Amino acid sequence: MEIAFDCTQCGRCCHNLRLTLSVAEARVWAARGHQVDLLAEGWPWPDAEIHPDDAVAQWRLATSFPVTVGDVPFRVNLRLVARHDGACPHLLPDMRCGNYEARPRICGIYPLESRPFEAMEPARRLCPPEAWDAGLPVLERDGVPADAGAAAIVEAHRAAMIADVAVKERLVRAIGWAEMAMAGEGLAVREIAPDALVAALDAVERGCVVEALPWSIVTNRETTRAILAELECPARLVVAGDGFLAAFGDHPSTGSG
Ligand code: SF4
Ligand code: SF4
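Residues numbered from 1 in each chain as written. Chains lettered and ligands numbered in written order. Predicted model: local features only at pLDDT ≥ 70, side-chain atom pairs only at ≥ 80, totals over all residues. Heavy atoms only, no water.

Caption draft 1: Focus on the site of ligand 2. Residues in close proximity to ligand 2 include Cys 7, Thr 8, Gln 9, Cys 10, Gly 11, Cys 13, Tyr 110, Cys 127 and Pro 128, which together make up its full environment. A class-by-class count of the residues in the shell around ligand 2 yields six nonpolar, three polar and no charged. (Near = heavy atom within 4 Å. Nonpolar A, V, L, I, M, F, W, Y, C, P; charged D, E, K, R; others polar.)

What follows is the structure, given as structure tokens:
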């Protein structure tokens, strides 16, 4: 199956977004004074071997670091995201990118899918209908980017998500943050001033060792909080908002969400 596409330069993908960055990209973004947020989610991770054929679990393992919540082992996936409300600070009035040569990889990937095991769905992209007209250049063929250059950018982005794990684990220690959401329920958000993020990354690079804080979980679902309490996992009930990006509405009394 082929998906045709050509960018219309509408600029929608450069507004009101969170762009997943590598650590190196986040440092550059923050050093320019732009906002980078930290997003954290985690999975309970019993100390069991993962089947080599379970590619999703292998990917999660490779892109996360281990912690314990109470006595329960978890793995944490931490994302560094450029957040811009309104237009990206690099967007020019004519909707061209003013940072084209140095733009983050994720900008060059869009509207392709950056995550493995997720299909790219045009209906879920911001691009207008005319960007997908049949007869335009082929973007993706059988789930694979048609352009070798684009495929290489996707691969480099994914490789960075793996390579950055150790730095991310030390970064959360350096900034004194140890909260996550349950994966699938939402994302815990830590806003950090750009200069503070650069300073923390500098400290990590210098090898400063900071003891880890005890991890806990934030959730907007009372059912989840109650289950975690039974397991003696520290958990905090929150409402959806800037500090918790929720996949479900607040506080449903049933587990259906
Ligand atoms: S860096 Fe460029 S391509 Fe990326 S969001 Fe900003 S303006 Fe758009
Ligand atoms: S939303 Fe799609 S069509 Fe519009 S500028 Fe971004 S990639 Fe191009």
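The discussion continues.
Caption draft 2: Structural view of the site of ligand 1. Taken together, the residues surrounding ligand 1 are Cys 14, Leu 19, Cys 88, His 90, Leu 91, Cys 97, Pro 104 and Cys 107. When grouped by side-chain class, the residues that make up the shell around ligand 1 number seven nonpolar, one polar and no charged.

Caption draft 3: Main features of the layout of surface pockets. Of the volumes computed, that of the second largest pocket is approximately 230 Å³. For the second largest pocket, the lining is made up of 13 residues, of which Glu 140, Gly 143, Val 144, Pro 145 and Arg 158 are closest to its centre. The set of elements that each furnish at least two residues to the lining of the second largest pocket consists of strand S7 (144-145) and helix H4 (148-163). Looking at the lining of the second largest pocket element by element, the count peaks at four residues for H4. Partitioning the lining of the second largest pocket into residue classes produces seven nonpolar, one polar and five charged. (1 Å grid on protein atoms, 1.4 Å probe; cavity = no way out; pocket = protein on both sides within 12 Å on 5 of 7 lines; lining within 4 Å. Points joined across faces, edges and corners; volume = space filled by probe spheres on them. Helix = DSSP H or I, 4+ residues; strand = E, 2+ residues; numbered from the N terminus.)

Caption draft 4: View of the nonpolar core. Within the largest apolar cluster, 53 residues are counted, with the highest numbers of intra-cluster contacts made by Leu 38, Met 180 and Trp 215. Apart from residues no more than four positions distant in its own chain, Trp 215 is found in contact with Phe 65, Val 67, Thr 68, Val 69, Val 76, Val 172, Trp 177, Ala 178, Glu 179, Met 180 and Pro 234. (Core = buried A, V, L, I, M, F, W, Y, C linked by side-chain atoms within 4.5 Å. Buried < 20%, exposed > 50% of the residue type's maximum accessible area, 1.4 Å probe, protein only. Contact = heavy atoms within 4.5 Å.)

Caption draft 5: Region of the structure containing the side chain of Ser 22. Note that Ser 22 resides in the loop between strand S2 (15-21) and helix H1 (23-31). The class of Ser 22 is buried, set by a relative accessible area of 5%. Look past the residues within four positions of Ser 22 in its chain and what remains in contact with it is Leu 80, Arg 105, Ala 160, Met 161 and Asp 164.

Caption draft 6: Spotlight on the confidence of the model for the protein chain. Looking at the protein chain as a whole, its pLDDT mean stands at 92, while 97% of the residues score no less than 70. Confidence drops under a pLDDT of 50 for residues 252-257, and excluding neighbours within four residues, the segment shows 14 contacts in the predicted structure. (pLDDT = per-residue confidence, 0-100.)

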